[in-house]
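# Examination of the molecular architecture
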Amino acid sequence: MSKPPKKTKMNAKNIAAGFLMALLALSLLGFGVEGFGGRTTTIGSVGDRKITTSEFSRALQNELRALQTQFGQPITMEQARLFGIDQMVLEQLVTGAVLDNEAARLGVSAGDSVIQREITQIPSFRGLSGNFDREAYRFALQNINMSERDFEDSIRADVARTILQRAVSAGAAAPETYVTPLLEYQAQTRDVTVISLSADALEEPVGTPDAAALQAFYEANIERYTMPEGKRIRYAWITPEMMIDEIELDEAILRQAYEARSAEFSQPERRLVERLVFADTASAEAAMARINSGEITFEALVAERGLDLDDADMGDVTRGQLGTAADAVFALEGPGVVGPVETSLGPAIFRMNAILAAQETSFEDVRDQLRDEQFSDLARRALMDDMDLFEDLIAGGASVADLAQETRMEQGEIDWRPGETSGIAAYEAFRNAAEAVQEGDFPEIGQLEDGGLFVLEFVESLPAAPRPLEEVRFQVISEWRNARVLEGLRGLAEDLAQSLRDGSEGPELALVPVRFDGLRRTDIMPDLPRDLVAESFEMAEGEVRIVEGTTRLHLLQLNAVQSPDLMLEEVARLRQALEQQVAQSMAQDLFGYFAASLRQDTPIQLNQQIIDAVQAGF
């Protein structure tokens, strides 16, 4: 029987903070949907609990933003449906409503003092002093058009769900019979000896193959030297670099560009500074006294306030940017802490971490850089101005040859195969288009990474074909040598392995065995292939194996298998972590079954027309 969906276990504080972060990332998409007999504000009901259109909109938008962050580009609702985002969001909302409905039926709720504590612990509602700021709270909710009551009701519901979840999963514990094998697997160690054989162990060097041997090896391994299927593609393209000779650039333009970026080329002396603001002068003075006495560091003081160093970081600042603190900070001749200083935000102490000297870069020093940048910029603009011309020609049926004849585009042809990166195939945009183009496709204008434009046409398919021997001669010779080395080493390796197994005298070789004691699954063997570690954990105690590499053979001998020492602190920590993971997994399963059972017994009514209407608004 398949398991119901799992619900991640969270405490009330994390639920509240996570819920707020989702809200702050969004703006409401509307509180209702028109056109269905008036203004409709719900997409359905679960028991006595209504699911509003605004809830559904916010949840969808949140997932879309997450996808956009993941892929680095805008995501449409249609694309989101391909990922099943719409159904996932709907399932989450229904499950949450089922739990809310059950919590209300059981009378599970949270008091005002609990809600107040949860809200005041959310970092986004803290002011510069590090404490809860009422105005910040009101402003944040105002930005998302949400009332304090509605937000506090949502926190109350989250807390109630958490109480319900803890009650259901409170009895989950990690069985000893389950944790012990996991611990044995993860913490077990091996004592291993490795002997590596290379070409130096051969009595005679392998030499160089003659023509017949090389041809025979090439033919026997022809799949290694065979090009994949590809396409012959005809293209026309133009890049900013191709247009440089057509562009005239006045010296005055370069001077103007230099002046416009004077802040970049002429930077005053700066300091890397962090600032910690206090509610009053007494608190700031007390904190500074603790730093001066060595009782606490600046970092620890920031952490004590419930902040991160990022919250205190001002970056590299000039004297003018520091305002009233400029004299104190710039008086430091090296890294240090000064203060307190009265600022517009209140009394503050400052830590200066580094001095950045003033930088003066003359026009002559950056002239060539500015020239290249201006040329490229003007060329890209000119190409964008020509975009309509190219598109009109293509829409009128112009071929690649026509574009090359009637415009400044240059024509070319390429036998494109996966992995090709020469010429125009050095551009990722072209490679993607070449991979996608099929016979019969109409030409389309594409843009290259440097601002260039291209159009391509499918000419014909290219079957897989061997590369000529002359083209891959050095590769074939190298692989022939490697094969001969391994062939010559196999006999030596077998004799040496047998001597290790039965304790007899093996071949006389100038080899130095390397021993690794206490080897763990996550360890590495320096200068040896990574797969040797995994191989050693598949062996029985006393076993000897031969492992082939590209140019070497490795003999592995497993000397001993060590079970984890439960008295070691790191093993105890691992055991505790495993117990927590197993218990959490079991708790999630229990709660998942509980939620699924509730869904079966709770009336659920959803209006698909309204759901579709909300999605159509994206």
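Going by the structure above, here's the rest.
Here's a quick rundown of the structure. Nothing here was measured: the structure is a model prediction, and the numbers come from that model. (Residues numbered from 1 in each chain as written. Predicted model: local features only at pLDDT ≥ 70, side-chain atom pairs only at ≥ 80, totals over all residues. Heavy atoms only, no water.)

## Quick notes on the sheet that holds strand β2 (residues 49-52)
Working definition: the strands of a sheet are paired by backbone hydrogen bonds and lie parallel or antiparallel to each other. To be explicit about the condition: Strands pair, by our definition, only if DSSP identifies at least two bridges between them. Helix and strand definitions here come from DSSP, where helices need a minimum of 4 consecutive H or I residues and strands a minimum of 2 consecutive E residues; each element is numbered from the N-terminal end. For helices, the fitted axis covers only the stretch in contact; all axes are lines through C-alpha atoms, and the angles between them, taken along N-to-C directions, range from 0 to 180 degrees. We call two residues in contact whenever any of their non-hydrogen atoms come within 4.5 Å of each other.
Read from one edge to the other, the open sheet built from 3 strands follows the order β2-β1-β19, with strand pairing classed as antiparallel. Two strands in the sheet have a free side with no partner beyond their single neighbour: β2 and β19 (604-606). The mean inter-strand angle of the sheet, taken between neighbouring strand axes irrespective of direction, is 15 degrees. Pairing of strand β1 (residues 42-46) with β19, which is carried by 3 bridges, proceeds in the antiparallel orientation. By the bridge assignment for β19, Val 46 is matched with Ile 604. The sheet strands contacting helix α2 (residues 53-71) are β1 and β2, and the helix crosses β2 at an angle near 55 degrees. Contacts from helix α23 (residues 608-616) reach β1 and β19, with the element oriented near 135 degrees to β1.

## Describing the nonpolar core
Here is the rule we go by: We call a set of buried Ala, Val, Leu, Ile, Met, Phe, Trp, Tyr and Cys residues a nonpolar core when their side-chain atoms join them within 4.5 Å. Think of it in three bands: residues with accessible area under 20% of the maximum for their type are buried, residues over 50% are exposed, and the middle band is partly exposed, with areas taken using a 1.4 Å probe on protein chains only.
Among the nonpolar cores identified, the biggest contains 25 residues, and Ile 43, Ile 51 and Phe 56 are the most heavily contacted of them. Counting residues per element, this core draws most heavily on helix α4 (residues 85-106), at 8 residues. Ignoring any residue separated from it by four or fewer positions in sequence, one finds Ile 51 in contact with Thr 41, Thr 42, Ile 43, Gly 44, Val 46, Leu 93, Val 94 and Ala 97. By size, the runner-up hydrophobic cluster in this structure holds 15 residues, among which are Ile 414, Tyr 427, Phe 430 and Ala 434.

## Quick notes on helix α22 (residues 569-601)
Short version of the rule: Each helix should span, by expectation, one fewer than its residue count multiplied by 1.5 Å.
With 33 residues, α22 extends 48 Å between its outermost C-alpha atoms, agreeing within 8% with the 48 Å of an ideal straight helix rising 1.5 Å per residue. Of the residues making up α22, those classed as buried are Val 571, Arg 575, Leu 578, Val 582, Ala 583, Ala 587, Gln 588, Asp 589, Phe 591, Gly 592, Ala 595 and Leu 598. At its buried positions, α22 is contacted by α4, α7 (148-169) and α8 (176-187).

## Focus: the packing of α8 against α22
Note the cut-off: In these notes the angle categories are as follows: under 35 degrees is roughly parallel, over 145 is roughly antiparallel, 65 to 115 is roughly perpendicular, and the rest is oblique. Put simply, a crossing is left-handed when the front helix is turned counterclockwise from the back one by less than a right angle, and right-handed when it is turned clockwise. By the convention adopted, Pro, Cys, Tyr, Trp, Phe, Met, Ile, Leu, Val and Ala count as nonpolar, Lys, Arg, Asp and Glu as charged, and the other residues, Gly among them, as polar.
Where α8 meets α22, the axes come as close as 10 Å, and the angle between the chain directions of the two elements is 135 degrees. Taken together, the axes of α8 and α22 are oblique relative to one another. Where α8 crosses over α22, the two elements pack in a sense that is right-handed. Side by side, α8 and α22 meet where Glu 176, Tyr 178, Val 179, Thr 180, Leu 182, Leu 183, Gln 186 and Ala 187 of the first sit next to Val 571, Leu 574, Arg 575, Leu 578, Glu 579 and Val 582 of the second. Classifying every residue of the contact of α8 with α22 by side-chain character gives 9 nonpolar, 2 polar and 3 charged.

## Comments concerning a negative patch on the surface
Note the following rule: The residues that make up patches have over 30% relative accessible area and no salt bridge, and they are joined within 9 Å when like-charged or within 5 Å when they are Val, Leu, Ile, Met, Phe, Trp or Tyr. Under the convention used here, a 1.4 Å probe and the Shrake-Rupley method define accessible areas, while residue burial counts only the protein chains that appear. We count a salt bridge whenever a side-chain nitrogen from Lys or Arg sits within 4 Å of a carboxyl oxygen from Asp or Glu. Positive residues here are Lys and Arg, negative ones are Asp and Glu, while His and the chain termini are left out of the count. Charge positions come from single atoms, namely NZ of Lys, CZ of Arg, CG of Asp or CD of Glu.
On the surface, a cluster of negative charge is made up of Asp 308, Asp 310, Asp 311 and Asp 313. Position of Asp 313 relative to the elements: it lies in strand β8 (residues 313-317).

## Details of the pairing of β1
Extensive coverage of β1 is indicated by the burial of 4 of its 5 residues. Of the pairings in the sheet, the one linking β1 to β2 comprises 4 bridges and is antiparallel in character. Across the sheet, residue Ser 45 finds its bridge partner in β2, namely Lys 50. Once β1 ends, the chain turns through 2 residues before running back antiparallel as β2, passing Gly 47 with a positive phi of about 60 degrees.

## As for the pattern of salt bridges
Within the structure shown, the criterion is met by 36 salt bridges. With its nearest N and O atoms 2.9 Å apart, the salt bridge here joins Arg 290 to Glu 304. Here Arg 290, found in helix α12 (residues 281-292), pairs with Glu 304, found in helix α13 (residues 298-304); they are 14 residues apart in sequence, far enough to count as distant. The residue Asp 523 makes a salt bridge to Arg 520 at a minimum N-O spacing of 3.6 Å. Classification of Asp 523 as partly exposed rests on a relative accessible area of 23%. Overlapping salt bridges, with partners in common, bring together Arg 49, Glu 55, Asp 100, Asp 158 and Arg 161 in one network.

## Observations concerning the sheet that holds strand β10 (residues 346-356)
Taken together, 4 strands build an open sheet; the order of strands is β8-β7-β10-β9 and the sheet is antiparallel. The outermost strands of the open sheet, each flanked by one partner alone, are β8 and β9 (336-343). Neighbouring strand axes in the sheet, compared pairwise and without regard to direction, differ in orientation by 30 degrees on average. This element, α12, spans β9 and β10 of the sheet and lies at about 175 degrees to β9.

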